[in-house]
Structures are given as structure tokens and as C-alpha cells.
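# Structural features, examined
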Amino acid sequence: MNYLKAVMQKNEQLKIDELKNIISIGEKINKDVRPDKKKLEILLQRQNKSLSNSTQNDSKQTNNTNNKLYSIASVHTIDNTIIIDFNEDIDSSYIKSFELSQSNLFRDVYDISGYFKDAIPTKLEINGVNRITLGQFKPDILRVVLSSDKNLSTSYKLTKRQIIISVDNLENLSSSNKNELIGTKINENNSTKEPINIDTQNSIRSIDTDENKIIVKFNKNYSKKDIAQFSKKNGANYQYTFDIAGKYKYTTPTKLTIDNIDNITVNDNKNSVRIVISNKDNPKITYSLSSRELVINIINNIPNSTTKKKEKIIKDIPVALPPSSLTKMTSISKSRNKTIVLDAGHGGDDVGAVGPNKRYEKVINLNVTKYLASILKQRGYNVYLTRNSDFFIKVMDRTVLANEKNADLFMSIHTNAVPLEKAHEVDGIETFFLSPARNERAKRVAALENKSDIREMSASSKDVFLESLNRPRITASHKFAIDVQAGILQSARSKYKDIQDSGVREGPFWVLVGAQMPSILVELGYISHPLEGKRLYDKNYQQLLANGIANGVDSYFSKNP
């Protein structure tokens, strides 16, 4: 990573120093370091030609590197503003902004030059903004995303060592009480829920439900000592109780409901707020706590003894499943409380690969993604789509939604192609995970899918960047890719025995770079192939592929809960 920073900043001295470190470490572990030694030799020759100037230039470059990479001191909110404090003087080149809109969700994105070491634990909130996401998008870029179901009007101003991002139209979204905000959440069917009461005075900010979760937000940092949890059998019912230290002035009007859970109550209890979950069947209750949010996950294990319930689950599946999958679908998996973000590749003016009779890749990608989303939702997963119609999203922005939703998995759906002269020769399904390309085929596929992405890094810098990626995440992505590839092949071959297995491969796909969770790119087949391309445009085959991917997801979570 340090060498990458030196390359991106064009700092010759840092490159030399880091290459020496790489060579030293490589020799200790018996790695072939000859390419690195060659690079070092070239750099040293270049340095010797202008030794008198290089020291001064390197010093300036080092200062610039430190200014950009280590300059952010803190990020916090005051009223309707986000304030980014710097350790060094800044100018207008330190900030870029753009907007993203999709369906009922609007995002204002700010890319800020600098590195903020506390980006992950920092939680930001502004009344009237659904969510604020803070993340280190690149080693030298801090990304701030403001998300809302209303189109926010945001702006920014700079001082000598500060950037202030303001939400300017909150007065139009607020209630008559300026110290409080009552927001209304929208479900996937665009119907409204009960208003969320925001308490800005006490330690508990809000209590609400989202699908099978109870979400409690706080106005201050909380720890485990502030949460007491116990369970008991009360007559015929199972009860799970959470006592949360602090006060919330809207306990009385708060009504919580979750499908298949009989009763949820919220009451004041001395110096705490008590949430009681009561149900005749014994649900699985888990919870997670961050500094300013408690999430209670509720999974009701529906009994399988009732034949009607079994029949309903199987009936709801949109395509026929192999016998092995039917058994899996008649019970609620322990892994269902997971969030998955699906990305239909290309879109809008970017049609992707083109097959015979103007068959566009973007159409296949979107159809399969929608079928897949439907199947996964029926199986109990929380599913979000980067696009649900024919429009284009920049490659580097497709993982924004996944990171916002704290997704467990990210998957990009694509279709492959080769030049016309090889169209009859190449077919098959393959699945990629993010890593430096290891062979020419992976490089070719990656080049095709990366075409709409423009990065300022050189090829060598990109290679170094990929080498520096989080290895455990790459390992998890590899496992995910193996399960999905196996699931697709099993499903597709249940009807078409000639489906080719092109394997699981590594590739430098930039659509996966920003994902902070295991992520893969699926190539459903070759739209350029006369037979496979025709199948890919067939609705029944698209459903078969989607079902296979869903089975792969089930398989992954069964091994990696």
C-alpha cells in the first residue's frame, strides 16, 4: 500500500524506499524479486541523473503526500452541517461533489482529498437525512454520502482548514417543532409506515422496525453495559426482554410490528426503556451494538409440520427447482437475516456486449437480476438493486449502495462476448472475484467490463493497488464465487446438459473494488455464441440461472453463517 501511495503521488524517493523494503521482505520468504530489482535499478539511474534536484523535489512531494493522505483531523455534525477539520491548509481542489438518484432514493456524494483514520467508527446523523455514510473510498479520498427519500439541497464552503457541508432545505422537510423531526419511512411497495418519532433531548433517539429488525438509535455513544437482555417462558409464550439504559419520550405512541411475531411492546422502566418481544413459537433473537445503534434481529422459525406451509413456500418459487433444492426451501435457513446488493451490469447508453439480432447484454443482466432479487426475497433475504430499470451508473459508484446498507454480499451480473470470428468456439458460465488477473482470458474479460470506467492510475499502479487489497475479503469472495458457480451449473444443467463450466477466476474488475464485503462478478454465458446467446434471451433460462445463483448464495451462508 505504501508503494502504491508513492506511485500515485509520483514520489520517486518514496518509491525507491518502498521497493527496497519489498525486495528485502521478498528475499526472506524466497519470492522472485527480480522484477522489483529491475524497477529499483531504473529508479536509481533516473535519480542519479538529477541528484541535485531530486532531493528538493522529493521533499516537496513528501509534504504534498502527507498533506493529502494524513490531513483530516476530525469529522462531526452540528445541526444541519457536516464539518471536516484538517491539520493542514486546504483549497478548492480538496473537494468534489455529484448527485445520484434512483427510484425513491437520492444521494449527494462528496469526495474529499485526505485520509481519515477514524472513518469506519465515526457515525454521523442529521435530522431529516435518512443516512450519512462515511468511508475511505480510496487511500487518499474520503467519501461522504448523504442519502434521503427526498431530494436534498446541499452545498459546501471552505475555510483555511475546514470544509463545511450544509443541508440547506431541511426547513421544508421539518415539522413545526424545529428541535424535532418526524420522518416517514417508505417500504418497497411505496406504501407509508407509521411516522418515526425523533427524540433529540434524551439519550435514546428513535425506536423503529425495518423488516425483521428492531433498530434503536442513540444520541450518545452506548456500550454493552447499557443493554440488559434476558428471556423466559411465560405460560404458552416465549418472551425476550431488552432493558436499554436511558429515556425516550415517545415510548407511549411507539407501536412495533414484525411479520410472524405476535406482540412487541415498548415501555418506560425506571431508568431504562424496556422492549419485550412475545411469541407462541420460539424465535431466534440476536442483537448487535455499535456506538450509536442497537439492532435486534428476529427470526421466527416457522414449524415445518404443517403441510400447507410447506406447499406455500414451494408454490411461491417462480421456477422449477431440482429435488435437492426443494428440501432446502421447505425450512427457514438460519442464515436468512442477511443483506445482499445486486448490480445489473451496464445500462442506459452503455448496452454492454451485443449478440446476434441486436441482443443487448444490459437487458439480460437486468432481467436475471430482477428474477434473482425476487427469489432471494422469497427465501427471506434483504435485497437491494443498484438499478431496477434501464439507466447507467458509473462503475465506481455501484458499490455505494452496498456499503450504505452494510450488505453481507455484493454481486454484479454480466454476460460475456468474444469477436465474431470466435463466436462459434467460445461459450460457458464463469464467476470472477476481485484480484490481479492471472491469465490472458481474465484480463480480456476484465477489460471488456471495465471499459466504462476511467481511472487516473496507470496499469502498473492499478496492479499495485490490487495487490494491496484486503486478503481475508478476497478469500471470502473466492469461497462465495465457488458456491455460486456450482449453483448455476447445477441449475442450468438440469435442463441443458451441454452447459460449459468455464470455472472460477480471478480478475481486476473495478466494479468490485469499492465493496467492503465479499463480492463477485458473474458472467452468465456468451451472448455472442449462436446457441448460448439465444438461450440467454429466453425468460425460462434466465429464471433457471437466477435460481442457481440463489442456491449458491444459500450454500455460501450455510458454510459461512
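Keep in mind it's a predicted model, so treat the numbers as computed, not measured. Note that residues are indexed from 1 along each chain, following the sequence as it is written. In keeping with the model being predicted, local features are shown solely for residues with a pLDDT of at least 70 and side-chain atom pairs are shown and tallied solely at 80 or more, while totals for entire chains, interfaces and linings include all residues. For the side-chain quantities, the full set of heavy atoms in the structure was used; hydrogens and water were omitted.

## Digging into the overall build of the protein
Short version of the rule: Counting from the N terminus, the helices are the DSSP runs of H or I reaching at least four residues and the strands are the DSSP runs of E reaching at least two. The cut-offs for exposure are 20% and 50% of the maximum accessible area for each residue type, with area from a 1.4 Å probe on protein chains only; residues under the lower value are buried, those over the upper are exposed, and the others partly exposed. Only heavy atoms matter for contacts: two residues are in contact if any of them lie within 4.5 Å across the pair. Using a 1.4 Å probe, accessible areas were evaluated by the Shrake-Rupley method; residue-level cover was limited to the displayed protein chains.
A count of helices and strands for the protein gives 13 helices and 26 strands. Counting only residues that meet the buried cut, the protein has 50% of its 561 residues in that class. Contacts spanning at least 24 positions in sequence make up 68% of the contacts within the protein whose residues lie at least 6 apart. Working note: accessible area of the protein is about 27400 Å², and carbon and sulfur atoms make up 48% of it.

## Notes on the nonpolar core
Burial of nonpolar side chains together is a common tendency in soluble globular proteins. The condition is simple: Residues grouped as a nonpolar core are buried Ala, Val, Leu, Ile, Met, Phe, Trp, Tyr and Cys residues, joined through side-chain atoms within 4.5 Å.
Ranked by size, the top nonpolar core spans 42 residues in total, and within it Leu372, Leu376, Met411, Leu524, Tyr541, Ile549 and Val553 carry the most contacts. Where this core is concerned, the elements lending two or more residues are β19 (339–344), α7 (361–378), β22 (382–385), β23 (409–416), β24 (429–434), α11 (471–493), β26 (519–526) and α13 (539–559). With nine residues, the top contributor of residues to this core is α13. Every residue in contact with leucine 524, bar those within four places of it in the chain, is listed here: Ile364, Val368, Ile413, His414, Thr415, Ile429, Leu536, Leu545 and Ile549.

## Overview of the confidence of the model for the protein
The criterion, for reference: What pLDDT conveys is the predictor's confidence in a given residue, as a value from 0 to 100.
Here the protein averages 78 in pLDDT, and 76% of its residues register 70 or above. Within the protein, helix α5 (residues 307–315) has the poorest average pLDDT of any element, 36, and β19 the best, 95. The low-confidence segment residues 54–69, where pLDDT is below 50, has 25 contacts with residues more than four positions distant or belonging to other chains. Considering only residues more than four positions removed or in separate chains, one finds that residues 464–468, a stretch of pLDDT under 50, has 16 contacts.

## A short note on the sheet that holds β24
Note the threshold: Two strands pair under a simple rule: DSSP has to find at least two bridges between them. Whenever a helix is involved, its axis is fitted only over the stretch in contact; in every case the axis is a line through C-alpha atoms, and angles between N-to-C directions fall within 0 to 180 degrees.
Reading across from one edge, β22-β19-β23-β26-β24-β25 is the order of the six strands in this open sheet, with mixed pairing throughout. Whereas interior strands pair on both sides, the edge strands pair on one side only; in this sheet they are β22 and β25 (501–507). Adjacent strand axes in the sheet meet at a mean angle of 20° when their direction is disregarded. With six bridges connecting them, β24 and β25 associate as parallel partners. Within the sheet, the bridge partner assigned to isoleucine 429 lies in β25 and is aspartate 501. Across the sheet, α7 touches β19, β22, β23 and β26, and the angle it forms with β23 is around 145°.

## Here's the deal with the packing of α7 against α13
In plain terms, the rule: If an angle is under 35 degrees, it is roughly parallel; if it is over 145, roughly antiparallel; if it lies from 65 to 115, roughly perpendicular; otherwise it is oblique. Left-handed describes a crossing whose near helix is turned anticlockwise from the far helix through less than a right angle; right-handed describes the clockwise counterpart. Side-chain classes follow a simple rule in which Ala, Val, Leu, Ile, Met, Phe, Trp, Tyr, Cys and Pro form the nonpolar group, Asp, Glu, Lys and Arg form the charged group, and the remainder, Gly included, forms the polar group.
Relative to each other, α7 and α13 sit at 50°, their axes nearing to 8 Å. Relative to α13, the element α7 lies oblique. For the crossing formed where α7 meets α13, the hand is right-handed. Mapping the contact onto sequence places Ile364, Asn367, Val368, Tyr371, Leu372, Ile375 and Leu376 in α7 and Lys539, Gln542, Gln543, Ala546, Asn547, Ile549, Ala550 and Val553 in α13. A per-class count over the contact of α7 with α13 returns 10 nonpolar, four polar and one charged.

## Brief notes about the pairing of β24
The buried count for β24 comes to six of six residues, which makes it a mostly enclosed element. A two-sided burial pattern is seen for β24, the buried positions comprising Ile429, Thr431 and Phe433 on one face and Glu430, Phe432 and Leu434 on the other.

## Topic: α13
For clarity, the threshold we go by: Every helix has an expected span of 1.5 Å times one less than the residues it contains. Between N or O atoms, a polar contact is any pair within 3.5 Å; within protein, one atom must be a potential hydrogen donor and the other a potential acceptor, and residues adjacent in sequence are included only when both atoms are from side chains.
Across its 21 residues, α13 extends 31 Å between first and last C-alpha, which sits within 8% of the 30 Å expected from 1.5 Å per residue. Most of α13 is tucked away: 17 of the 21 residues are buried. Two or three places before asparagine 540, at the opening of α13, aspartate 538 has a side-chain oxygen 3.1 Å from that residue's backbone nitrogen.

## Brief notes about the packing of aromatic side chains
We apply this condition: Pairs were defined over the aromatic rings of Phe, Tyr and Trp, the Trp ring being its six-membered one, requiring ring centres within 6.5 Å. Orientation was assigned from the angle between planes: stacked under 30 degrees, edge-to-face over 60, tilted for the rest. Only lysine NZ and arginine CZ atoms are considered, and such an atom sits over a ring when it is within 6 Å of the ring centre and within 35 degrees of the ring normal.
With the rule as written, the count across this model stands at nine aromatic pairs. Taking 3.7 Å as the distance between ring centres and 10° as the angle between the ring planes, the aromatic pair formed by phenylalanine 218 and tyrosine 222 counts as stacked. Each member of the pair phenylalanine 218 and tyrosine 222 is classed as buried. Ring centres 5.3 Å apart and planes at 50° place the aromatic pair phenylalanine 480 and tyrosine 556 in the tilted group. Residue phenylalanine 480 is located in helix α11, and its partner tyrosine 556 is located in helix α13; the two are separated by 76 residues in the primary sequence. A residue is classified by how much of its surface remains accessible, and phenylalanine 480, at 0% relative accessible area, is buried. An aromatic cluster is defined as three or more aromatic residues linked by ring pairs; in this entry it consists of Tyr381, Phe480, Tyr556 and Phe557. Stacked on the ring of tyrosine 238, the Lys or Arg lysine 233 has its end atom at 4.7 Å from the ring centre. The ring of phenylalanine 98 has lysine 394 lying over it, and the distance from NZ or CZ to the ring centre is 5.9 Å.

## Section: the environment of leucine 19
As for its placement among the helices and strands, leucine 19 is situated in helix α2 (residues 12–28). Residues leucine 19 and valine 33, spaced 14 residues apart in sequence, show a C-alpha to C-alpha distance of 9.9 Å.

## Remarks on the sheet that holds strand β13 (residues 227–234)
Taken in spatial order, the four strands line up as β13-β14-β16-β15 in an open sheet, and their pairing is antiparallel. Among the strands making up the open sheet, the edge pair consists of β13 and β15 (263–269). On average, each strand axis in the sheet is tilted by 20° relative to the strand beside it, whichever way the strands run. Bridge analysis of β15 against strand β16 (residues 272–279) gives seven bridges, and the strand direction is antiparallel. Counted as the bridge partner of threonine 265 is valine 276 from β16.

## Some points on α7
With 18 residues, α7 extends 26 Å between its outermost C-alpha atoms, agreeing within 8% with the 26 Å of an ideal straight helix rising 1.5 Å per residue. Restricting attention to buried positions, one finds in α7 the residues Glu361, Lys362, Ile364, Asn365, Leu366, Val368, Thr369, Leu372, Ala373, Ile375 and Leu376. Following α7 by one or two positions, glycine 380 has its phi on the positive side, about 105°.

## Side note on unusual backbone geometry
Its identity is not glycine, yet asparagine 260 carries a phi of approximately 70°, on the positive side. Within the fold, asparagine 260 resides in the loop between β14 (237–245) and β15. Overall, the relative accessible area of 48% leaves asparagine 260 in the partly exposed class. Phi at lysine 358 is positive, roughly 55°, even though this residue is not glycine. Under the relative-accessibility criterion, lysine 358 is labelled exposed at 64%.

## What to know about the pattern of salt bridges
Selection criterion: Every case where a carboxyl oxygen of Asp or Glu lies within 4 Å of a side-chain nitrogen of Lys or Arg is listed as a salt bridge.
In total, this model carries 13 salt bridges according to the counting rule given. Linking aspartate 390 and lysine 362 is a salt bridge whose minimum nitrogen-to-oxygen distance equals 2.9 Å. Note that aspartate 390 is positioned in the loop between β22 and α8 (400–404) and lysine 362 in helix α7, a separation of 28 residues in sequence. Under the relative-accessibility criterion, aspartate 390 is labelled partly exposed at 46%. Looking at lysine 362, the relative accessible area reads 11%, which means it is buried.

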